[in-house]
Amino acid sequence: MRYAFLRAVNVGGRSKLPMRELVAAAAAAGLGTTEFLLQSGNLAVHDSALSDQELRAALEHLAAERFGVATRTVLRTPKALSDTLALNPYADQPTVYLNMWDEEPTPTAVEELASSKFDDAAFHIVPGAMFILYAGQSHTSKLTNAFIERKLGVYATARNLRTLVRMLERWPA
């Protein structure tokens, strides 16, 4: 089983992607049994025989062709997500985000991102992801997904840790 996190769907009234219809379309396209959590692009793909690269491409193609939504997809297994969450340095904080990417950024890009400073956010980079603790609202910070993507040169997506924990609880493996 793999979790698929679709980037920037159903956020702020843009990139409308009806999750229930996407799940039905995924099953009809032979991508495997798929379920969703919330309307923000969080899928659990249970029994797909596709490789990660094939699944990612198939979901992105389906979103674009069937629903007119251009998106990118980040995949994680339950174990990989659980292992990453275990590295959370902000576990005692109420609202923490995890920004995730699948492609490997260059070491120089990671170092450049790591040297960035923000008055309203703290962050901790781990393999394939970074934990973010915002002092205020995430949408007012200069530490955005677009900033992270520019610095790293990879596609990324962020989720509230509460959502990720709910996914692990609902679909452990």
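In case you missed it, the structure is sitting above this.
Residues numbered from 1 in each chain as written. Predicted model: local features only at pLDDT ≥ 70, side-chain atom pairs only at ≥ 80, totals over all residues. Heavy atoms only, no water.

(A) Here's a closer look at the side chain of asparagine 42. You can see asparagine 42 is positioned in strand S3 (residues 42–45). Side chain to side chain, asparagine 42 and arginine 159 meet in a polar contact 2.5 Å long. When residues no more than four places from it in sequence are discounted, the contact partners of asparagine 42 are Ala4, Phe5, Met19, Glu35, Phe36, Leu37, Arg159, Thr163 and Met167. (Helix = DSSP H or I, 4+ residues; strand = E, 2+ residues; numbered from the N terminus. Polar contact = N/O pair within 3.5 Å; in protein donor to acceptor, adjacent residues only side chain to side chain. Contact = heavy atoms within 4.5 Å.)

(B) Just the environment of alanine 156, in detail. Position of alanine 156 among the secondary structure elements: in strand S8 (residues 156–160). Residue alanine 156 is classed as buried on the basis of its relative accessible area, which comes to 0%. The spatial distance from the C-alpha of alanine 156 to the C-alpha of valine 74 is 7.1 Å, given a sequence separation of 82 residues. In contact with alanine 156, other than residues within four places in its own chain, are Arg7, Asn99, Met100, Trp101, Asn145 and Glu149. (Buried < 20%, exposed > 50% of the residue type's maximum accessible area, 1.4 Å probe, protein only.)

(C) Broad picture of the sheet that holds S8. Taken in spatial order, the four strands line up as S6-S7-S5-S8 in an open sheet, and their pairing is antiparallel. Each edge of the open sheet is held by one strand with a lone partner, namely strand S6 (121–126) and S8. Going from strand to strand, the sheet's axes swing by 20° on average, the running direction of each strand aside. The pairing of S6 with strand S7 (residues 129–134) spans six bridges and is classified as antiparallel. If you follow isoleucine 125 over to S7, its bridge partner there is methionine 130. Contacts from helix H3 (residues 78–85) reach strand S5 (97–101), S6 and S7 within the one sheet, and its direction differs from that of S5 by about 130°. Packing of helix H6 (residues 161–170) onto the sheet brings it into contact with S5, S7 and S8, and relative to S8 it is tilted by some 85°. (Pairing = 2+ DSSP bridges. Axes fitted to C-alpha atoms, helices over the stretch in contact; angles between N-to-C directions.)

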